[in-house]
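# Observations on the three-dimensional arrangement
Spelled out from the first residue to the last, the chains are:
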Amino acid sequence: MNAVSLTPELVENPVGAYAGLRSRPGLGHVVLPGLSTPVRLVTRHEDVKAALTEPRLVRDRSTVSGSDMPDPQAELLAQGADGLPPEYARYLSGHLALFDGDEHSRRRGPLTRAFTARRVAALRPFVEKTARDLADTLAGREQADLLGEFAYPLSTAVICALVGVDAGDQDRVCGWIRDFAYGDGSRVLEGLGALVEYTKDLVARRRAEPAGDLVSALLADGGMTDDEIVTVFFLLINTGITPPALFLAHAMLALLDSPDQLERLRAEPELLSRAVPELLRYVTLVRMGATLYATEDFEFAGTLLRKGEAVTVALFAADHDPAAYDSPEHLDVTREFGRGDGHLAFGHGPHYCIGAALGRLVTGVVLDELVVRRPTAPKLAVDRAELAFGHWPGDGFHLLALPVSL
């Protein structure tokens, strides 16, 4: 088996490694950054969409019996489980991306029913005020970290408001989330424990006195146990804070790297409705989808897959596929998409991101606040080459900070 080793530097360049992989017949084996287990990688836009709706490719490997094929997902999960107390494991193991069929529908259904368009739209005034207040505190400084001092606090506050954390509790709950999800790592377990106990108490209080928040809606729906509602909070923390915060920072960096597009957006604010999906496509923050497993031997994308064989979709590669987009390597805030999203940043099929509407809302508000409404355009406060990036196993690179002047 000749597997291509994908380094973080390779996977951040859609015109580099992915272009070569897309041009190969069939699905080649690759080793994702930070891992050692090979996986079949799907890189073409059409094939990625097909994989995400293929019933013979499943997320839950335990349902594929009698296979001893290599499993990169197991290697990745083992890295994340180090040092995690068993009593907390159940709250972090309910990620919807890891379930299929009826079990996926059972877990996703109540959340989908509670995550209504009305509830998301009702958050707009809160998002606008929070974004404006955060930007105002950073304006005028020679250097401010748009990731750590704006995007993370904004994403955290939005999730707290959505779930129903009481206003008087938000500062300390946001502190616990920071310790658990994106701090320096020294207080992960303290943050985790405090969040579990707080959410249990919040569920009990909302059962006694319902409010207009997500926890109350989930309780009214009746499709989840209390522990599963706690799990939902951690699902939202893990998927609704760090990825959106990093996306906002990378989206702003993309605009700073394309000053003509930044100025075009400032001059024509009506382009916001096109700029949001284009930036989602261009950045595609979650670059690799969840691992999929073949339930039987069958041919897919010109390749014979064996039962139990692991397949991963490269969403970033698909969103930069020249067969699907004109000049995909260029950011174009005037780009028009067809029906639907026009990109795969939120996935596709049964596991399409529940928070997509919220993500679009927050992105639009942030671009309006930072790019359109400010008297001067944001500027990098350091040389481009000085920006620091970190790496996630299996996925690639991400900003550690984005120093700007507003």
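Below you will find a few notes about this structure. Being a predicted model, the structure only gives us computed values, none of them experimental.

## Describing the pairing of strand E3 (residues 38-42)
When you tally the buried positions in E3, you get 5 out of 5 residues, the bulk of the element. Burial of the side chains of E3 extends over both faces: Pro38, Arg40 and Val42 are buried on one face and Val39 and Leu41 on the other. Across 3 bridges, E3 lies against strand E9 (residues 310-313) in parallel orientation. Paired with Val42 across the two strands is Val313, which belongs to E9.

## Let's talk about helix H12 (residues 214-221)
Among all positions of H12, only Leu214, Val215, Ser216 and Leu218 are buried. As for H12, its buried residues are in contact with helix H6 (101-114), helix H7 (117-122), helix H9 (147-163), helix H11 (188-208) and helix H13 (226-240). Between a side-chain oxygen at the N-terminus of H12 and the backbone nitrogen of Val215 the separation is 3.3 Å; the capping residue is Asp213. Backbone geometry just after H12 places Gly222 at a positive phi near 80 degrees.

## Some details on the sheet that holds strand E5 (residues 144-145)
Strands sit in the order E5-E13-E10 across an open sheet of 3 strands; the sheet is antiparallel. This sheet does not close on itself; its edge strands, each paired only once, are E5 and strand E10 (379-380). Note that E10 and strand E13 (residues 403-405) share 2 bridges and pair antiparallel. Within E13, the position partnered with Lys379 by the bridge is Ser405.

## Here's the deal with the pattern of salt bridges
Applying the stated criterion across every chain, the model contains 31 salt bridges. Arg106 serves as the salt-bridge partner of Glu103, at 3.1 Å between the closest nitrogen and oxygen. Of this pair, Glu103 and Arg106 both sit in helix H6, 3 residues apart, which is roughly one turn of that helix. Residue Glu103 is classed as partly exposed on the basis of its relative accessible area of 30%. Residues Arg306 and Asp297 are paired through a salt bridge, measuring 3.5 Å at the closest nitrogen-oxygen approach.

## A word on the packing of aromatic side chains
Tallied over the full model, the rule gives 6 aromatic pairs. Each ring, one from Phe180 and one from Phe234, has its centre 5.5 Å from the other, and the planes form 85 degrees; the classification is edge-to-face. A residue pair is termed long-range when its members are at least 10 positions apart, and Phe180 in helix H10 (residues 170-182) and Phe234 in helix H13 qualify at 54 residues. The ring of Phe99 is capped by Arg107, whose NZ or CZ atom sits 4.1 Å from the centre of that ring. In this structure, Arg281 packs its charged tip against the face of Tyr325, placed 5.2 Å from the ring centre.

## Comments concerning the side chain of Asp179
Within the secondary structure layout, Asp179 lies in helix H10. On the basis of relative accessibility, which here comes to 15%, the residue Asp179 falls in the buried class. Look past the residues within four positions of Asp179 in its chain and what remains in contact with it is Arg187, Val188 and Gly191.

## With respect to the nonpolar core
Core analysis: the largest hydrophobic core is formed by 94 residues, its most contacted members being Phe150 and Leu154. The element best represented in this core is helix H14 (residues 242-257), accounting for 11 residues. For Leu154, the contacting residues outside a window of four places in its chain are Val127, Thr130, Ala131, Leu134, Leu248, Val362 and Val366. Counting residues in each nonpolar core, the second largest holds 17 residues, with Leu6, Tyr18, Leu35 and Phe316 among its members.

Cut-offs and rules
Within every chain, residues take consecutive numbers counted from 1 along the sequence as written. Given that this is a predicted model, residues contribute local features only at a pLDDT of at least 70 and side-chain atom pairs are listed and counted only at 80 or more, while totals for whole chains, interfaces and linings are drawn from all residues. Working from all heavy atoms in the structure, the side-chain values ignore hydrogens and water. The buried label applies to any residue whose accessible area, calculated with a 1.4 Å probe on protein chains only, is under 20% of its type's maximum; exposed applies above 50%, and partly exposed to all values in between. Helix numbering and strand numbering both begin at the N terminus, where a helix is a DSSP run of H or I of at least 4 residues and a strand a DSSP run of E of at least 2. For two strands to be treated as a pair, DSSP must find no fewer than two bridges joining them. Here a residue-residue contact requires only that any non-hydrogen atoms of the pair lie within 4.5 Å. Contacts described as polar in this section are N or O atom pairs within 3.5 Å, which, within protein, must combine one atom able to donate a hydrogen with one able to accept it, while residues neighboring in sequence count only if both atoms come from side chains. One speaks of a salt bridge when a side-chain nitrogen belonging to Lys or Arg is within 4 Å of a carboxyl oxygen belonging to Asp or Glu. The pairing test for Phe, Tyr and Trp rings, Trp by its six-membered ring, is centres within 6.5 Å, and the orientation test on the planes gives stacked under 30 degrees, edge-to-face over 60, and tilted for anything in between. Ring-over charges, as used throughout, are those where CZ of Arg or NZ of Lys falls within 6 Å of the ring centre and within 35 degrees of the ring normal. Throughout this description, the term nonpolar core refers to a set of buried Ala, Val, Leu, Ile, Met, Phe, Trp, Tyr and Cys residues connected via side-chain atoms within 4.5 Å.

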